[in-house]
Amino acid sequence: MADSKEMTINLVILGRTQTGKSASGNSLLGSSDFESHRSPSSVTTCCSLGCSCRISGIIRRNGCEVALRVRVLDTPSYPHSTLSKEQVRVTVRSALAHHFGEEGLHLALLVLRADLPLCPDESDHAIQFIQELLGPTWKDFTAVLLTHADKAEEAGFSEEAYLHTASSTLLSLLSLVKQKYIFLDNQKSIIKEERAIVLRKLLNFIRQNNYQVLLLKHNKE
């Protein structure tokens, strides 16, 4: 953020196979940088960095508009259909250090499907994996992205009704990350106005954390 007229936010996408990780990354970037399609096996097998163009109309500082750039690191899922947990962990940790080692990470986005229940084992595995990647302050730098919110809406659930009937497992996870969550409508997320709403929410999470970044260095093991 050295340029007062431009701000860059660094994000990493984490989650299980077929939750919409790569599609969410594309929505945030406003592009199709990441391969994303339905498949009986995990699609993403390596980390990939995508960068948006300058985005205007999202943020203002001291009465002046500031252009926004978004950098998103897409990652292999965990659990993965062909890679072990250790392979995924080493791959993601190395990519985080390589791409965000100097500037730091603003937010890790844990992608979950809003139209599927979150089981305790799945939540425990996700939390443990993120802790191993980000360290003890992971809660300050993690938000939950609930994809396929359009399907939950089709089933008659508003955001408020959804949270009212959500499992205690999901509610506990949202509490851990200090209620940093966003519902992402996979049908509307590519629309400019909807994308702007999501980006403003992410910026608000970053602002609540006083624009701190998590510095990640690769530790040789």
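Data block above holds the structure.
Rules behind the numbers
- Residues numbered from 1 in each chain as written.
- Predicted model: local features only at pLDDT ≥ 70, side-chain atom pairs only at ≥ 80, totals over all residues.
- Heavy atoms only, no water.
- Phe/Tyr/Trp six-rings, centres within 6.5 Å; stacked < 30°, edge-to-face > 60°.
- Helix = DSSP H or I, 4+ residues; strand = E, 2+ residues; numbered from the N terminus.
- Buried < 20%, exposed > 50% of the residue type's maximum accessible area, 1.4 Å probe, protein only.
- Lys NZ or Arg CZ within 6 Å of the ring centre and 35° of its normal.
- Salt bridge = Lys/Arg side-chain N within 4 Å of Asp/Glu carboxyl O.
- Pairing = 2+ DSSP bridges.

Student: For this particular structure, what's the right way to read the packing of aromatic side chains?
Tutor: Scanning all chains against the criterion turns up three aromatic pairs. With a centroid separation of 4.8 Å and 25° between ring planes, the pair formed by tyrosine 78 and phenylalanine 129 is classed as stacked. Of the two residues, tyrosine 78 sits in the loop between β4 (64–74) and α2 (85–100) while phenylalanine 129 sits in helix α3 (residues 120–134), which places them 51 residues apart along the sequence. Both residues of the pair, tyrosine 78 and phenylalanine 129, belong to the buried class. Seen in terms of ring centroids, tyrosine 181 and phenylalanine 183 are 5.9 Å apart; in terms of plane orientation they differ by 90°. Their pairing is edge-to-face. Among the aromatic residues, those joined into a cluster by ring pairs are Tyr162, Tyr181 and Phe183. For the cation-ring pair, arginine 61 lies above tyrosine 211, with the distance from its terminal atom to the ring centre recorded as 4.8 Å.

Student: Where do I start with the pattern of salt bridges in this structure?
Tutor: Side-chain pairs of opposite charge can arise where the charged atoms are in close proximity. Applying the stated criterion to the full structure yields nine salt bridges. The partner of aspartate 74 in a salt bridge is lysine 21, and the shortest N-O contact between them spans 3.8 Å. Taken together, the residues aspartate 74 in strand β4 and lysine 21 in helix α1 (residues 21–29) connect sequence positions 53 residues apart. Lysine 21 shares its class with aspartate 74; the two are buried. Residues joined by salt bridges that share partners form a network here, namely Glu6, Arg54 and Arg69.

Student: Help me understand the pairing of β4, please; the structure alone is not making it clear to me.
Tutor: A regular strand carries its side chains on alternate faces of the sheet. With eight of its 11 residues buried, β4 lies for the most part within the structure. Alignment of strand β1 (residues 6–15) against β4, held across seven bridges, turns out to be parallel. Across the sheet, glutamate 6 pairs through a bridge with alanine 67, a residue of β4. With four bridges connecting them, strand β2 (residues 48–51) and β4 associate as antiparallel partners. What sits directly across from serine 48, in β4, is aspartate 74.

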